[in-house]
Amino acid sequence: MHKLFRLLLMVVVLCAVLGIASTSFTDDSVALKTNFFTDSGGLLVRSPSLWYVKELAQNSLLSLQYTMDRVRIPPYRGISAKPVALDGTTGASKPAADSSNGYYSKTRNELTANLTSQRWNLTAYFSRENDYTGRLFSAGYNQDFHRKNTNLALGLGYGYDTITPIGRNRAYPRRNLLANATVTQTLSPVTLMRFGMDVSYVTGYQNNPYRTVFVLGSPTLENHPRERLRLAGFAKFNTYFRPARAALWLDYRLYGDDWGILSNTFGVKLHQQISPRLLMRYRYRFYTQTAADFYRANYPLLTTSAFYTDDYKLEAFYSHLFGFMISYGLEPLGDTVPFLANSTLDVKYERFFTSNVFTANIYQIGVTVRY
């Protein structure tokens, strides 16, 4: 499987090289952005990211993205998993083998390549850190109907991850089969609606190898089921208000899985063109979910359940996320620095907090250069 994934990734990269060598640099862009994620437990994630978008031919694009997550996790504050900080962006956790009182640091490298044409798209993904390797390959196809007012898009994907916990001489595999279908309907020249469904079937190792939970008063490594079927349906509504030069995006998502989790997500975004060079985006998202069937804060009584977890992401909770983004055109600087003539500066801030006393701040700053 490793060789197959590497072969597919090489095909994508080869197509990219051939495309770059044979086409002009029309409507190409490069973006350098950095994300900062901090939470109430002292976790810090710094994620510089480099994006490259290349037009290969008419209606055909190549995009490459490289991201490096640098994660700093605070010292242990207890034995049970719940007080131990987890990275909300990457899922990284502090290995149990590291018992020092200082901070634990790790680096995660991620590469994504995407080829898109008018009818199809291919995506290859690879990420690596000291105890986790992630791989994903997906393909999609879409078709227009009713004089291009209706579009049907279908996608299939396969992921293969390997978990190699520090302190254990063993590797744990995890596989993920994904499928999705999306219908986009144009309702008017300024309004469209989109709805669809995602299906995911995960097999293999799915718990955190370092997280513990109290069972009969003793800390025990958590144990999750080896299979998980996940279903989600979603609907989106986008419209534009010409007099106000503003766009409103609404979305709703209903999710359920065979672990007993049922969730609802509602989101709204407002894009406001303040001036020819200044764009503001405001965002709010509300999320709520039920607990997994086998979740417990602890297991004080003898139980026949073979599964244990104290993962806060599997308990019942609700959350809020709100924030804003500013995009400012740098055209006035083009006379002094020519490559900035068609560039934008992006600054984003988001605040995230949950009912189970988890809070986080997300910052982003970046420059996109189009040439």
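These numbers come from a predicted model, not from an experiment.

Participant: Explain the confidence of the model for the protein chain to me, please; I cannot follow it from the model alone.
Facilitator: Atomic detail in the predicted coordinates should be set aside for any region of low pLDDT. Residues at a pLDDT of 70 or more form 84% of the protein chain, whose mean pLDDT is 85. Long-range and interchain partners of residues 7–25, a stretch whose pLDDT sits below 50, account for 22 contacts in this model, where long-range means more than four residues apart. Taken as a whole, residues 77–93 scores under 50 in pLDDT and shows 49 contacts with residues more than four places along the chain or in a different chain.

Participant: What's the story with the pattern of salt bridges in this structure? I'm lost.
Facilitator: Two side chains bearing opposite charge may form a pair once their charged atoms approach each other closely. Counted according to the given criterion, the structure contains 15 salt bridges. Salt-bridge contacts for Asp-311 lead to Arg-211; the nearest nitrogen and oxygen are separated by 3.6 Å. Of the two residues, Asp-311 sits in the loop between strand S15 (278–289) and strand S16 (317–329) while Arg-211 sits in the loop between strand S9 (191–204) and strand S10 (212–215), which places them 100 residues apart along the sequence. Accessibility assignment for this pair places Asp-311 and Arg-211 in one class, buried.

Participant: Got a minute to help me understand the side chain of Thr-354 in this structure?
Facilitator: Note on placement: Thr-354 falls in strand S17 (residues 343–354). You can call Thr-354 buried: its relative accessible area is 12%. When neighbours within four sequence positions are excluded, Thr-354 is seen to be in contact with Phe-317, Tyr-318 and Ser-319.

Participant: How do you make sense of the nonpolar core when you look at a structure like this?
Facilitator: The tendency in soluble globular proteins is for nonpolar side chains to be buried as a group. In this structure, Phe-37, Leu-43, Val-45, Val-71, Ile-73, Tyr-104, Tyr-312, Leu-321, Phe-352, Phe-358, Ala-360 and Ile-362 together form the largest nonpolar core, which totals 12 residues. Of all elements in the fold, only strand S3 (60–73) and strand S18 (359–370) reach the threshold of two or more residues within this core. Counting 8 residues, the second largest nonpolar core, distinct from the first, contains Tyr-255, Trp-259, Ile-261 and Leu-314.

Participant: I tried to follow the environment of Gly-256 on my own but got confused; where do I start?
Facilitator: Position of Gly-256 relative to the elements: it lies in strand S13 (residues 246–257). Separated by 27 residues in the primary sequence, Gly-256 and Leu-229 place their C-alpha atoms 8.6 Å from one another. Among residues more than four places away in sequence, those in contact with Gly-256 are Leu-229, Arg-230, Leu-231, Ile-261 and Leu-262.

Participant: It is not clear to me how the pairing of strand S8 (residues 172–188) should be interpreted in this structure. Could you clarify?
Facilitator: Residues in a regular strand point their side chains to alternate faces of the sheet. Relative to S8, strand S7 (residues 150–163) is paired through 14 bridges, and the arrangement is antiparallel. Bridge pairing in S8 links Asp-161 to Arg-174. Pairing geometry for S8 and S9, over 14 bridges, is antiparallel. The partner of Thr-184 across the bridge, within S9, is Arg-194.

Participant: Is there a simple way to explain a nonpolar patch on the surface in this structure?
Facilitator: A cluster of nonpolar side chains, contributed by Leu-177, Met-197, Val-199, Tyr-201, Leu-229 and Leu-231, occupies part of the molecular surface with about 480 Å² of accessible area. Elements supplying a minimum of two residues to the nonpolar patch: S9 and strand S12 (227–241). Checked against the element boundaries, Tyr-201 lands in strand S9.

Reading guide: rules and limits
Residues numbered from 1 in each chain as written. Predicted model: local features only at pLDDT ≥ 70, side-chain atom pairs only at ≥ 80, totals over all residues. Heavy atoms only, no water. pLDDT = per-residue confidence, 0-100. Contact = heavy atoms within 4.5 Å. Salt bridge = Lys/Arg side-chain N within 4 Å of Asp/Glu carboxyl O. Helix = DSSP H or I, 4+ residues; strand = E, 2+ residues; numbered from the N terminus. Buried < 20%, exposed > 50% of the residue type's maximum accessible area, 1.4 Å probe, protein only. Core = buried A, V, L, I, M, F, W, Y, C linked by side-chain atoms within 4.5 Å. Pairing = 2+ DSSP bridges. Patch = residues over 30% accessible without salt bridge, like charges linked within 9 Å, V, L, I, M, F, W, Y side chains within 5 Å. Areas by Shrake-Rupley, 256 points an atom, 1.4 Å probe, with all protein chains shown as cover.

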